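# A closer look at the structure
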Amino acid sequence: MARPKAHEWRTELDDLMRGIAGAFLFGAPFLYTMEVWWKGNFTSPPRMMLILAMAYLALVLLNIKGGFRAQQPRGYGQILAESVEGLAIALFTATLSLTLLDILHIETGIDAIMGRLITLSLPYSIGVGIANNILLRTPDDNGADLDKKRGHPWRSTLSDAGAALLGAIVVGSSIAPTDEIPMISSSLEPARLLLIMASSLLLSYVIVFEANFGAQRQRRSQSGLFQGPISETVAAYLIALAASALMLWLFQVIRVGDPINQWVSYIIVLGLPCTIGGAAGRLAV
Amino acid sequence: MSEHPIRNPAEWFSLGISLTLLSAVVATVASLWLNPSLKPAAFTVEPGKVRAAHDHYYLPVTIKNEGDATAAEVTVEGTLTTTSPEEVATTTFDFVPARSDAEGVLIFSQDPSAATVRVISYQEP
């Protein structure tokens, strides 16, 4: 067998990142639902198997028209193989995100760990299965977009900022008033908050610039404040944090007199789904 | 192209990793399934080091569920009989999954070094 070429690895990485991004996009509201973790505490092994089988079946059905690989069309073998990878991505992403929020620890016990992982992997699988439908743009889209945007740096900056804000509100507003925010925040140490911030920035970058290899070159060539990948990611994160703060205050989860560390941790914890929503929003404009 | 389900070595690589991960997960679930240890929830409670603050004494307790069933609403009670009247403090854990630890704190107004701590109730979820 020939050695894989560099561009094949590149495409493969893009595809896998797109899968992870899709899982987070669809799965964030489930990740921030304590009942999902609790149900995982007493899920019996036969039910775990059933959930895995359902996730695989959902992936097979979704992969016929969606999936996370850019290259089409597919044969039956490819659909089945891609579904195996999709399920693995969902389980991997579920492990990563639950560990990040400190919901999985070693002391949790193997039954509960497997239960929580597998319960969460079902919505994540659906996210992987529809990753192409939300994240992949065809080259045609880019051309039209590019013509429309070039030469209007302020307008494109404003439209990107608006899209980031809108996306943050769409995803974040259903999470902001819930008890999960204080619950997750209360158990987090400062180091973990930094880790969540880093993950938010990385995910935002991956969703907009990596998982979307068709539009990536086009975005990098746009003009306006938002168009350097790093500056756009940071600016979008700040917008997500501002939206997060505003929603938490509106829903009276935090009040003006509350201690500063409570503000900071709540905003960062809600900032993660807000950033994911903002990234999806920026892709949509 | 579609007669080859996998197009290049990079795809073989991720399929290989995915299959390894999935088989590990399925094997773990299968072993949990095939070795059902039906020991009901059983607890040990370990009092920690007492800490004093604002005229009260904080007694950390570590509870360990050594059974194979998850317990909900696990209530731990600490009783201090050296005072009169005797002093009681309780705390409730939402969930203590099978073979896992949880920590809570009981608060007394007297030094609780001699207090006895035990689980007084739990619910089967």
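Report follows, based on the coordinates. For clarity, every value in this text was computed on a predicted model and none was experimentally measured. (Residues numbered from 1 in each chain as written. Chains lettered and ligands numbered in written order. Predicted model: local features only at pLDDT ≥ 70, side-chain atom pairs only at ≥ 80, totals over all residues. Heavy atoms only, no water.)

Here we take up the nonpolar core. The tendency in soluble globular proteins is for nonpolar side chains to be buried as a group. Counting residues in hydrophobic clusters, the biggest one holds 75 residues, and the most contacted among them are Tyr 32 and Ile 118 of chain A. It is helix H13 (residues 260–284) of chain A that contributes the most residues to this core, eleven residues altogether. Among residues more than four places away in sequence, those in contact with Tyr 32 of chain A are Leu 101, Ile 175, Glu 180, Ile 181, Ile 184, Val 269, Leu 272 and Pro 273 of chain A. Counting residues in hydrophobic clusters, the runner-up holds 19 residues, among them Phe 43, Ile 63, Phe 93 and Ala 102 of chain B. (Core = buried A, V, L, I, M, F, W, Y, C linked by side-chain atoms within 4.5 Å. Buried < 20%, exposed > 50% of the residue type's maximum accessible area, 1.4 Å probe, protein only. Helix = DSSP H or I, 4+ residues; strand = E, 2+ residues; numbered from the N terminus. Contact = heavy atoms within 4.5 Å.)

Below, the discussion takes up a nonpolar patch on the surface. Side chains of Trp 9, Phe 92 and Leu 96 of chain A together with Phe 13, Ile 17 and Leu 21 of chain B sit close together on the surface and give an oily, nonpolar patch of about 560 Å² of accessible area. Only helix H4 (76–100) of chain A together with helix H1 (9–34) of chain B provide two or more residues apiece to the nonpolar patch. At three residues, H1 of chain B tops the list of elements feeding residues into the nonpolar patch. With respect to the helices, strands and loops of the structure, Ile 17 of chain B is situated in helix H1. (Patch = residues over 30% accessible without salt bridge, like charges linked within 9 Å, V, L, I, M, F, W, Y side chains within 5 Å. Areas by Shrake-Rupley, 256 points an atom, 1.4 Å probe, with all protein chains shown as cover. Salt bridge = Lys/Arg side-chain N within 4 Å of Asp/Glu carboxyl O.)

Residues and elements named next belong to chain B. With antiparallel pairing, three strands are arranged side by side in an open sheet as E5-E4-E7. Looking at which strands have only one partner, the edges of the open sheet turn out to be strand E5 (87–96) and strand E7 (116–123). Within this sheet the neighbouring strands show an average axis-to-axis angle of 20°, counted without direction. For strand E4 (residues 71–80) and E5, the ladder comprises nine bridges, and the chain directions are antiparallel. Bridge pairing in E5 links Thr 75 to Thr 92. (Pairing = 2+ DSSP bridges. Axes fitted to C-alpha atoms, helices over the stretch in contact; angles between N-to-C directions.)

With 36 residues of chain A at the contact, the number on the chain B side is 34 residues. Counting each side, the surface lost to burial between chain A and chain B is near 3000 Å², with a carbon and sulfur contribution of 73%. Inspection of the chain A/chain B interface yields two salt bridges. Along the contact surface separating chain A from chain B lie three residue pairs in polar contact (both at pLDDT 80 or more). The element contributing the most residues to the side of chain A that touches chain B is H4 of chain A, with eight residues. Broken down by class, the residue content of the side of chain A that touches chain B amounts to 22 nonpolar, seven polar and seven charged. (Buried area = accessible area lost by both parts, 1.4 Å probe. Polar contact = N/O pair within 3.5 Å; in protein donor to acceptor, adjacent residues only side chain to side chain. Nonpolar A, V, L, I, M, F, W, Y, C, P; charged D, E, K, R; others polar.)

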